[in-house]
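# Reading the structure
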Amino acid sequence: MARDTATVPRGAWRTLAACSGLAALLQVDGTLVAVALPDVGRSLHTAPQPLGWVITVYFLAFAVVLLPGGRLVDRFGGRTAALAGLALFAAGALLGALAPGFAVLVVSRAVQGAGAGLASPAALSGAVSGFPPERRGTALGIWGAASGVANIAGPLLGGLLTTGLGWRAAWWSLLPLAAAAAVAVARLVPAGPPGSGPQPPAGVLRRPAVLVAVAAAGLSFLVMIGVFFIIEQYLQDAAGYSPLLAAAAPMAIAVCIGAVGPFAGRLIDARGERPVMVAAFAVAGAGLAWYGLTDTPLHGPAALPLAVALGLGLGPLFAGVSRAGLNAVPQRAHGRVSALISAGRLLGAGLGAALAGAAIRHGAGAAEVRTALVCGAALCLLAGAPLAALLRTRPA
C-alpha cells in the first residue's frame, strides 16, 4: 500500500466525527422504530398490515427532500442544512411520541423523513469537507463504519426501550440523540458553503463517475437489503428462530461491514476505487453463489462465512461509491452528489425488499432462499463488477 503523505487538518477529523454521528442517528431511527411496530399496533389498535406505513412514509419523505437538501448544502453549507434537518427531525419525533392515534403517528414519520432528507447530504458531504481528495476514502470508511454500528445499536436500543418502557420511549429517545447531534454539528461543522467559487452547473452531476457511483450504490443496497429481508424471513418461517434471534443474522453482517470499512477506505485511497470495488462485488457474489448453489446450511454456525463474505464484499462499497462520486466534481457540488448517492441507496433498498418479498411469496423455504441468493450473486458478478470496472478514477 502506498505511503499516505497528505496532511489532514485536525478540524477535519472533528467535522468527520460530527457528521458520522449524524449519519448514525439517521440510520438508528429506521431500525429502532421498526422493532417497536408490534407494540405500536397493540397500543393504537392498528392491524399489522397498515403498520408498514410507519416505515414507508418515512423513506418516501426522505427521498423527496434529498435533492433539495443537497442544493441547500451547496448554497448555504452543511451546518445550516444539518441543523434545519435536525430541527424538523426532532419535531417529528416529538409529535410521534405524543401521537394520540395511528394517523398522527404516520404524519410524524413524514416530518421525520423530511428532516432526515435535509440532513443526510450534509452528513455525507461534510464527512469529507476537510480532507484532500486522496484521503477521502479513509474518512468515508470511518463514516460507513459508524452507520454499520448504528445498524447494530438500533434494534438493541429499540428492543430494550420498547420492552422496558413501551413504544413511545423509542420516539422520546430520539430527542436527546437529535439534540446531541445538533450540538456537535453547531460546534464542529464549519459554517458557509463548501469549497470556493461559484456553484458548478447541474451538468457536472451527469459525469460518468457520478452516474456509476449512484448506480453502484443502488445495486449494493438492493443486494444487501434483499439478503437481509429474505434471510430474516427464512430464519423465522423455516428455521423456527424467534424474531429477536432472526435479527441477529443481519447484525452479524453489519458487524463485518463496520469492521472492514476503515481498512477498505485506506485501501481505496492507496489503490483507487475501481480495483477495490470490482473485488468487493466479486467477493460478495462468490459468497452468495456458494450458498445458493451448494447444500451448505443457511442457518447456525455454518452460515457465518456468508456473513463474512457479505461484510468483506459490501463493506468497501460504502466508501468506494461515495469517494468516486465526490471526487468527480468540485466541492461546491458535493451536496447534490451526496443527495444522488443517498437516493440511489434508498431506491436500491426499496427494490431489494420488493424483489425479496416477491421471491418468497409462496414461502421462505430453503429452495426459495437459494434461488434468491443465486440471483443476488448474478447481480454482483454480472452487473456490479462490470459497473465498477467502468470507473477511471485513480489514487492521487
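A quick note: this is a predicted structure, and the numbers were derived from the prediction, not measured.

### Here we look at the overall build of the protein chain
- Looking only at helices and strands, the protein chain features 13 helices and 0 strands.
- Along the protein chain, helices and strands appear, N-terminal first, in the series α-α-α-α-α-α-α-α-α-α-α-α-α.
- Relative to the globule expectation of 21 Å for 396 residues, the C-alpha radius of gyration of the protein chain, 20 Å, shows essentially globular dimensions.
- When its C-alpha atoms are laid out on the principal axes, the protein chain stretches across 55 × 50 × 35 Å.
- Considering the protein chain as a whole, with its 396 residues, one finds that 54% of them fall into the buried category.
- For the protein chain, the exposed area adds up to about 15900 Å²; of that, 70% sits on carbon and sulfur atoms.
- Distance between charge centroids for the protein chain: 13 Å, based on 25 positive and 11 negative side chains.

### Comments concerning the nonpolar core
- If you look at the biggest cluster of nonpolar residues, it comprises 93 residues, and the most contacted ones within it are Phe281, Leu288 and Leu310.
- Per-element accounting of this core gives the leading share, 16 residues, to helix H7 (residues 208-237).
- Residues in contact with leucine 288, not counting those within four places in the same chain, are Val223, Val227, Leu306, Leu310, Leu373, Gly376, Ala377 and Cys380.
- Counting 21 residues, the second largest nonpolar core, distinct from the first, contains Ala24, Val33, Leu44 and Trp167.

### Here we look at the pattern of salt bridges
- Within the structure shown, the criterion is met by 5 salt bridges.
- The salt bridge partner of arginine 336 is aspartate 74, with a shortest N-O separation of 2.7 Å. Here arginine 336 is found in helix H12 (residues 334-359), whereas its partner aspartate 74 is found in helix H2 (residues 53-76), with 262 residues between them in sequence.
- For the salt bridge of arginine 323 with aspartate 269, the shortest nitrogen-to-oxygen distance reads 2.9 Å. With arginine 323 in helix H11 (residues 304-327) and aspartate 269 in helix H9 (residues 248-271), this pair connects stretches of sequence that are 54 residues apart.
- Judged by relative accessible area, which is 2%, arginine 323 ranks as buried.
- Residue class for aspartate 269 comes out buried when judged on its relative accessible area of 6%.

### Description of a nonpolar patch on the surface
- Among the surface-exposed residues, Leu94, Leu98 and Trp172 lie close enough to one another that they form a single nonpolar patch of about 290 Å² accessible area.
- Mapped onto the elements of the fold, leucine 94 is located in helix H3 (residues 78-97).
- A residue is classified by how much of its surface remains accessible, and leucine 94, at 36% relative accessible area, is partly exposed.

### What to know about the packing of aromatic side chains
- Under the definition given, this model contains 5 aromatic pairs.
- Where tyrosine 58 meets phenylalanine 59, the ring centres are 5.2 Å apart and the plane angle is 85 degrees; that geometry is what we call edge-to-face.
- Owing to a relative accessible area of 35%, phenylalanine 59 belongs among the partly exposed residues under this scheme.
- Between the aromatic rings of tryptophan 167 and tryptophan 171, the centroid separation amounts to 5.2 Å while the plane-to-plane angle is 90 degrees, which identifies the pairing as edge-to-face.

### Observations regarding the environment of alanine 114
- Position of alanine 114 relative to the elements: it lies in helix H4 (residues 102-127).
- Taking the C-alpha atoms as reference points, alanine 114 and valine 33, 81 residues apart in sequence, are found 16 Å from one another.
- Contact partners of alanine 114, with chain neighbours within four places excluded, come to Ala61, Phe62, Val65 and Leu88.

### Details of unusual backbone geometry
- The phi angle at histidine 45 is positive, at roughly 55 degrees, despite the residue not being glycine.
- With respect to the helices, strands and loops of the structure, histidine 45 is situated in the loop between helix H1 (10-43) and H2.
- What makes histidine 45 exposed here is its relative accessible area of 74%.

### Digging into the state of the cysteines
- Taken as a whole and judged by the stated rule, the model has 0 disulfides.
- Just so you know, cysteine 256 is unpaired, no disulfide at all, and the nearest cysteine sulfur is the one on cysteine 380, 16 Å from it.
- Not engaged in a disulfide, the cysteine cysteine 380 finds its nearest cysteine sulfur in cysteine 375; these two sulfurs lie 12 Å apart.

### A look at the confidence of the model for the protein chain
- For the protein chain, mean pLDDT is 86; residues scoring 70 or higher make up 95% of the total.
- Mean pLDDT across the secondary structure elements of the protein chain bottoms out at helix H8 (residues 243-246), with 66, and peaks at H3, with 94.

### Thoughts on the environment of tyrosine 241
- When you line up the elements, tyrosine 241 lands in the loop between H7 and H8.
- Between the C-alpha atoms of tyrosine 241 and histidine 299, which are 58 residues apart in sequence, the distance is 9.6 Å.

### Looking at the packing of helix H10 (residues 273-293) against helix H13 (residues 366-389)
- Contact geometry of H10 with H13 gives a least axis separation of 8 Å together with a crossing angle of 165 degrees. Looking at the two axes, H10 sits roughly antiparallel to H13. Of the two possible hands of crossing, H10 and H13 adopt the one that is left-handed.
- The residue inventory of the contact of H10 with H13, partitioned by class, reads 18 nonpolar, 4 polar and 2 charged.

### With respect to the environment of glycine 192
- Here glycine 192 shows up in the loop between helix H6 (168-188) and H7.
- Separated by 119 residues in sequence, glycine 192 and valine 73 have C-alpha atoms that sit 8.9 Å apart.
- Ignoring any residue separated from it by four or fewer positions in sequence, one finds glycine 192 in contact with Phe76, Gly77 and Gly78.

The rules behind the values
- Residues numbered from 1 in each chain as written.
- Predicted model: local features only at pLDDT ≥ 70, side-chain atom pairs only at ≥ 80, totals over all residues.
- Heavy atoms only, no water.
- Helix = DSSP H or I, 4+ residues; strand = E, 2+ residues; numbered from the N terminus.
- Rg over C-alpha atoms; globule rule 2.2 N^0.38 Å.
- Buried < 20%, exposed > 50% of the residue type's maximum accessible area, 1.4 Å probe, protein only.
- Areas by Shrake-Rupley, 256 points an atom, 1.4 Å probe, with all protein chains shown as cover.
- Lys, Arg positive; Asp, Glu negative; His and termini not counted.
- Charge placed at Lys NZ, Arg CZ, Asp CG, Glu CD.
- Core = buried A, V, L, I, M, F, W, Y, C linked by side-chain atoms within 4.5 Å.
- Contact = heavy atoms within 4.5 Å.
- Salt bridge = Lys/Arg side-chain N within 4 Å of Asp/Glu carboxyl O.
- Patch = residues over 30% accessible without salt bridge, like charges linked within 9 Å, V, L, I, M, F, W, Y side chains within 5 Å.
- Phe/Tyr/Trp six-rings, centres within 6.5 Å; stacked < 30°, edge-to-face > 60°.
- Disulfide = S-S within 2.5 Å.
- pLDDT = per-residue confidence, 0-100.
- Axes fitted to C-alpha atoms, helices over the stretch in contact; angles between N-to-C directions.
- Parallel < 35°, antiparallel > 145°, perpendicular 65-115°, else oblique.
- Left-handed = near helix turned anticlockwise from the far one by under 90°.
- Nonpolar A, V, L, I, M, F, W, Y, C, P; charged D, E, K, R; others polar.

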